[in-house]
Amino acid sequence: MDVNPSRPSVCIEVCVDSPESAVEAVAGGALRLEVCGNLGIGGGTTPSLGLVKTIKAACPNVGLMVMIRPRIGDFVYSEDELAVMLEDINCLKSENITGIVVGVLRPEGTVDIAKTRILVEAAKPLEVCFHRAFDMTRDPTEALKDVFSVGGINRILTSGHGKRAPDSLEILSALARLSLTLEPPITILPGAGINAETVQKLVSCGWWKEFRELHLSAGRWLDGSMIYRKEGLGMGLGGTGEWGIWRTDRAVVDKVRTVADEFAEPEKNI
């Protein structure tokens, strides 16, 4: 990431699935947005073109990384699903986005280098982030080497193969050290479980200061506006997600931004 001296040196990326969440995230200090559809369902899918356009219009001064994921579930994709992903990339390239977010695996738990390379080639010259499919691989070191071998991938979003990035510092550190030996390095973008209470564990690590990026959702379920609610029916996830709406909480982003900026000294200490 090129650091603009007029802006904070830490790049906070927030995943969003609505214009309202995008505006809240940017107001809280996000410099980049991961645009998804249906974040509350299985980690998000490819957003509609209309959503991308609307968020771009609402937040013209931040980068947009757009999720390319045709469905929820695993990350082993058929040829037909690959064709859908390629068509989505082709449609999005004309929308002045920053890049795409993808991840394709093989059934045995390794990165599908061939299919990932097809997607990366189609996306050029956009940036590419390999998403948390990385955390579903059988071995993080092997996966990092595989991602690097694809070529053209700028960053990896990862929790360090754990449920939460702040609890997986050992693996994140090992990945960062390995990445810094590559040319060019791939940014290790920690994500999952990051909030104001946990972020200090990450940003106080020497390796993190080499990359200075964080990913979070800062999201929560809000009660929907529907007054009449048909008993026994619904189109959501059940519980709070049955009639609820997923929204980014600006205050969470702002608190993470404050802590991250405090720890982002210029010196590098690996």
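Scroll up to find the structure.
Read on for a plain summary of the structure. (Residues numbered from 1 in each chain as written. Predicted model: local features only at pLDDT ≥ 70, side-chain atom pairs only at ≥ 80, totals over all residues. Heavy atoms only, no water.)

Following the criterion strictly, the structure yields one aromatic pair and no others. Ring plane angle 75° and centroid distance 5.4 Å describe the contact between Trp-221 and Trp-246, whose orientation is recorded as edge-to-face. Here Trp-221, found in strand β9 (residues 219–223), pairs with Trp-246, found in strand β10 (residues 244–248); they are 25 residues apart in sequence, far enough to count as distant. (Phe/Tyr/Trp six-rings, centres within 6.5 Å; stacked < 30°, edge-to-face > 60°. Helix = DSSP H or I, 4+ residues; strand = E, 2+ residues; numbered from the N terminus.)

Among soluble globular proteins, nonpolar side chains are generally buried collectively. One finds Val-14, Leu-33, Ile-100, Phe-130, Trp-207, Trp-208 and Leu-214 to be the most contacted residues of the largest nonpolar core, which totals 65 residues. Core analysis: the second largest hydrophobic core is formed by 10 residues, Met-65, Val-101, Cys-129 and Leu-189 among them. (Core = buried A, V, L, I, M, F, W, Y, C linked by side-chain atoms within 4.5 Å. Buried < 20%, exposed > 50% of the residue type's maximum accessible area, 1.4 Å probe, protein only.)

Of the two faces of strand β2 (residues 32–35), the one carrying Arg-32 and Glu-34 and the one carrying Leu-33 and Val-35 are both buried. Of the strand pairs in this sheet, strand β1 (residues 11–16) and β2 are connected by four bridges, and their pairing is parallel. Residue pairing for β2: Val-16 is matched across the bridge by Val-35. Between the parallel elements β1 and β2, the chain passes through helix α1 (residues 19–28) in a crossover that is right-handed. In terms of strand pairing, β2 meets strand β3 (residues 63–67) through four bridges, oriented parallel. Looking across to β3, one finds that Arg-32 is bridged to Gly-63. (Pairing = 2+ DSSP bridges. Right-handed = clockwise from strand over helix to strand, strands pointing away.)

All right, on to the environment of Phe-75 then. Considering the arrangement of structural elements, one finds Phe-75 in the loop between β3 and α3 (79–92). Measuring from C-alpha to C-alpha, the distance between Phe-75 and Phe-134 comes to 9.8 Å, with 59 residues separating the pair along the chain. Beyond its immediate stretch of four places on either side in the chain, Phe-75 contacts Arg-69, Gly-103, Val-104, Leu-105, His-131, Ala-133 and Met-136. (Contact = heavy atoms within 4.5 Å.)

Below, the discussion takes up the packing of helix α4 (residues 113–123) against helix α5 (residues 140–150). In the contact formed by α4 and α5, the axes pass within 9 Å of each other and the chain directions differ by 40°. Considered as vectors, α4 and α5 are oriented oblique to each other. Crossing angle aside, the handedness with which α4 passes α5 is right-handed. Packed against α4, whose contacting residues are Ile-113, Thr-116, Arg-117 and Val-120, the element α5 presents Asp-146, Ser-149 and Val-150 at the interface. Looking at the contact of α4 with α5 residue by residue, the classes come out as three nonpolar, two polar and two charged. (Axes fitted to C-alpha atoms, helices over the stretch in contact; angles between N-to-C directions. Parallel < 35°, antiparallel > 145°, perpendicular 65-115°, else oblique. Left-handed = near helix turned anticlockwise from the far one by under 90°. Nonpolar A, V, L, I, M, F, W, Y, C, P; charged D, E, K, R; others polar.)

Take the packing of α1 against helix α2 (residues 49–58) next. Where α1 meets α2, the axes come as close as 9 Å, and the angle between the chain directions of the two elements is 35°. Two packed elements cross with a definite hand, and for α1 against α2 that hand is right-handed. Across from Pro-19, Ala-22 and Val-23 in α1, the residues of α2 making contact are Leu-51, Thr-54, Ile-55 and Ala-58. Taken together, the residues that form the contact of α1 with α2 break down as six nonpolar, one polar and no charged.

Moving on, we get to α5. One turn of the α-helix equals 3.6 residues, which is why residues spaced by three or four share an orientation. For α5, the set of buried residues is Pro-140, Ala-143, Leu-144, Asp-146, Val-147 and Val-150. The buried side chains of α5 occupy one side of the element, clustering within an arc of 165° when seen end-on. Where α5 is buried, its residues meet α4, β5 (127–130), β6 (155–158) and α6 (169–179). Where α5 begins, one side-chain oxygen reaches toward the backbone nitrogen of Thr-141, 3.3 Å away; that side chain belongs to Asp-139. Gly-151 sits one or two residues past α5 and shows a positive phi near 85°. (Arc of directions from axis to C-beta. Polar contact = N/O pair within 3.5 Å; in protein donor to acceptor, adjacent residues only side chain to side chain.)

Attention shifts here to unusual backbone geometry. Note the cis peptide between Lys-124 and Pro-125, where omega equals 10°. Secondary-structure assignment places Pro-125 in the loop between α4 and β5. Residues Glu-183 and Pro-184 are joined by a peptide bond in cis, for which omega reads 0°. One can find Pro-184 in the loop between α6 and β7 (187–190). Phi at Asn-38 is positive, roughly 55°, even though this residue is not glycine. Here Asn-38 shows up in the loop between β2 and α2. For Asn-38, a relative accessible area of 45% translates into the label partly exposed. For Ala-192, which is not a glycine, the phi torsion comes out positive at approximately 100°. Looking at the element boundaries, Ala-192 is found in the loop between β7 and α7 (199–203). Residue classification places Ala-192 among the buried residues on the basis of a relative accessible area of 18%.

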